[in-house]
Amino acid sequence: MRAGIIGIMLSAMLAAGPAAAYDTYDSRSLFANPMFIDHGTSDVAYDPRNCAGVDWDDEVVLARVTAGPRVNFIKSPDDETGKAPSCPAAGGACRKKSYLVPGDFVLAGRTRGDFTCISYRSPVRRIPAWRNGWLPRAALSPVAPMPAPQLSDWLGTWSLPNGSIAITDDGIGGRLHIVGEMAVATMRDVHTGTLDAQVKPGTDNIAFLEDGWLPFETNCDSGCRVRMRRVGPFLLVQDNGDCGGAGASFTGLYRRSP
């Protein structure tokens, strides 16, 4: 059953391929930021067999679906309200109807046995809905980030369907100036997010807290934290869910505007 595309911004950009398909749309994930899942504050005991998306603390990589023709999502125990206690596992009992296809890209986090917890966002859907779940690890191939980006590799205006990030070299003291805008329309209003920071890039990444003048590693309980990497032709961005209103996360893959 091919339904609307839900999930991370990519297939059509790097490789041609058919759109991914899903079963019934899950509105609970509409405003979920898969990069900031706080297991410690939940009223429900954390079960590592469940995949609710990529965690901010995960060692996150970009991965490409390379198996086919379809790679079905695998259930977590909680997916079926306690009716799938043996999942994730191989076999039809744990296989969901929703699937991805070769050429789709995902954010890949922790692994459990033969499975990887991933987050996927459609490259065309304006509403930033994510599909989170387990995929067979053997169906994914990691995409290596650019090892030592030059200054010019960061510069430009980077966009995805509902947001953009501009990076210029006119910051104070040779810093990069990063300005971002994100807008997510809801039934009643629009949730927005903003970035305005001046930072010095690291060897292979950009990482900053709030306006960039405090070190990224500063220990505090709140504040907008952002990490960026160059991967292929993309700018991979992760935030901690504290850079705007509900659902206005900058997490995603951005393509540089011509």
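Our subject is the structure that appears above.
To keep things clear, this report deals only with the structure shown in the data block. None of the values given here were measured: they were computed from a predicted structure.

### Notes on the overall build of the protein
Now for step 1: If you tally the helices and strands in the protein, you get 2 helices and 15 strands.
Now for step 2: Evaluated residue by residue, the protein yields a buried proportion of 46% over its 258 residues.
Now for step 3: With an accessible surface of roughly 12,400 Å², the protein has 52% of that area assigned to carbon and sulfur atoms.

### Describing the state of the cysteines
Now for step 1: Counted under the stated rule, the structure contains 3 disulfides.
Now for step 2: Between the sulfur atoms of C51 and its disulfide partner C117 the distance amounts to 2.0 Å. A torsion of 80° about the S-S bond marks the disulfide between C51 and C117 as right-handed. Taken together, the residues C51 in the loop between α1 (11-14) and β1 (61-65) and C117 in strand β5 (residues 115-121) connect sequence positions 66 residues apart.

### A word on the sheet that holds strand β9 (residues 163-168)
Now for step 1: Taken in spatial order, the 8 strands make up an open sheet running β11-β10-β9-β8-β15-β14-β13-β12, and their pairing is antiparallel. If you trace the sheet from one side to the other, it starts and ends with β11 (190-199) and β12 (206-209), each paired once. Shown here is a sheet whose adjacent strand axes are inclined to one another by a mean of 20°, direction ignored.
Now for step 2: Pairing geometry for strand β14 (residues 234-239) and strand β15 (residues 252-256), over 4 bridges, is antiparallel. Bridging across to β15, V237 finds its partner in G252.

### What about the environment of P88?
Now for step 1: With respect to the element layout, P88 can be found in the loop between β2 (71-74) and β3 (95-100).
Now for step 2: The spatial distance from the C-alpha of P88 to the C-alpha of G133 is 9.8 Å, given a sequence separation of 45 residues.
Now for step 3: Not counting residues within four places of it along the chain, the set of residues in contact with P88 comprises R49, I74, K75, C94, R112, F115 and W134.

### Description of a negative patch on the surface
Now for step 1: Residues D196, E210, D211 and D242 make up a contiguous surface patch of negative charge.
Now for step 2: One can find D196 in strand β11.
Now for step 3: In this structure D196 comes out as exposed when scored by relative accessible area, which is 51%.

### Considerations on the packing of aromatic side chains
Now for step 1: With the rule as written, the count across this model stands at 0 aromatic pairs.
Now for step 2: Above the plane of the ring of W213 lies R175, whose end atom (NZ or CZ) is 4.1 Å from the centre.
Now for step 3: Positioned above the aromatic ring of F216, the side-chain terminus of R225 is 5.8 Å from the ring centre.

### Points about the pairing of strand β6 (residues 130-136)
Now for step 1: In terms of burial, β6 is a largely internal element, 6 of the 7 residues being buried.
Now for step 2: Both β5 and β6 contribute to a ladder of 7 bridges, which runs antiparallel. Note that in β6 the partner of T116 across the bridge is L135.

### Considering the pattern of salt bridges
Now for step 1: By the definition in use, this model includes 3 salt bridges.
Now for step 2: The closest approach of N and O atoms between D79 and K96, which form a salt bridge, is 3.6 Å. Within this pair, whereas D79 is found in the loop between β2 and β3, its partner K96 is found in strand β3, the two being separated by 17 residues in sequence.
Now for step 3: You can call D79 partly exposed: its relative accessible area is 35%.
Now for step 4: Of the charged contacts in the structure, one is a salt bridge between R229 and D204, with a shortest N-O distance of 3.2 Å.

### Points about the nonpolar core
Now for step 1: Within the largest apolar cluster, 23 residues are counted, with the highest numbers of intra-cluster contacts made by I165, I167, F208, M228 and Y254.
Now for step 2: Of all the elements in the fold, those that place two or more residues in this core are β8 (156-160), β9, β10 (176-185), β11, β12, β13 (225-231) and β14.
Now for step 3: Sort the elements by how many residues they give to this core and β10 lands first, with 4 residues.
Now for step 4: For I167, the residues in contact, after removing those within four places along its chain, are W154, L155, G156, W158, L176, H177, I178, M228 and L235.

### A few points about the pairing of β11
Now for step 1: Pairing of β10 with β11 involves 10 bridges; the strand directions are antiparallel. Bridging across to β11, E181 finds its partner in T194.

### Things to note about the side chain of S249
Now for step 1: You can see S249 is positioned in the loop between β14 and β15.
Now for step 2: Within polar-contact distance, the side chain of S249 engages the side chain of D239 at 3.0 Å.
Now for step 3: Of the polar contacts made by the side chain of S249, one reaches the backbone nitrogen of T251; its length is 3.0 Å.

Conventions used here
Residues numbered from 1 in each chain as written. Predicted model: local features only at pLDDT ≥ 70, side-chain atom pairs only at ≥ 80, totals over all residues. Heavy atoms only, no water. Helix = DSSP H or I, 4+ residues; strand = E, 2+ residues; numbered from the N terminus. Buried < 20%, exposed > 50% of the residue type's maximum accessible area, 1.4 Å probe, protein only. Areas by Shrake-Rupley, 256 points an atom, 1.4 Å probe, with all protein chains shown as cover. Disulfide = S-S within 2.5 Å. Pairing = 2+ DSSP bridges. Axes fitted to C-alpha atoms, helices over the stretch in contact; angles between N-to-C directions. Contact = heavy atoms within 4.5 Å. Patch = residues over 30% accessible without salt bridge, like charges linked within 9 Å, V, L, I, M, F, W, Y side chains within 5 Å. Salt bridge = Lys/Arg side-chain N within 4 Å of Asp/Glu carboxyl O. Lys, Arg positive; Asp, Glu negative; His and termini not counted. Charge placed at Lys NZ, Arg CZ, Asp CG, Glu CD. Phe/Tyr/Trp six-rings, centres within 6.5 Å; stacked < 30°, edge-to-face > 60°. Lys NZ or Arg CZ within 6 Å of the ring centre and 35° of its normal. Core = buried A, V, L, I, M, F, W, Y, C linked by side-chain atoms within 4.5 Å. Polar contact = N/O pair within 3.5 Å; in protein donor to acceptor, adjacent residues only side chain to side chain.

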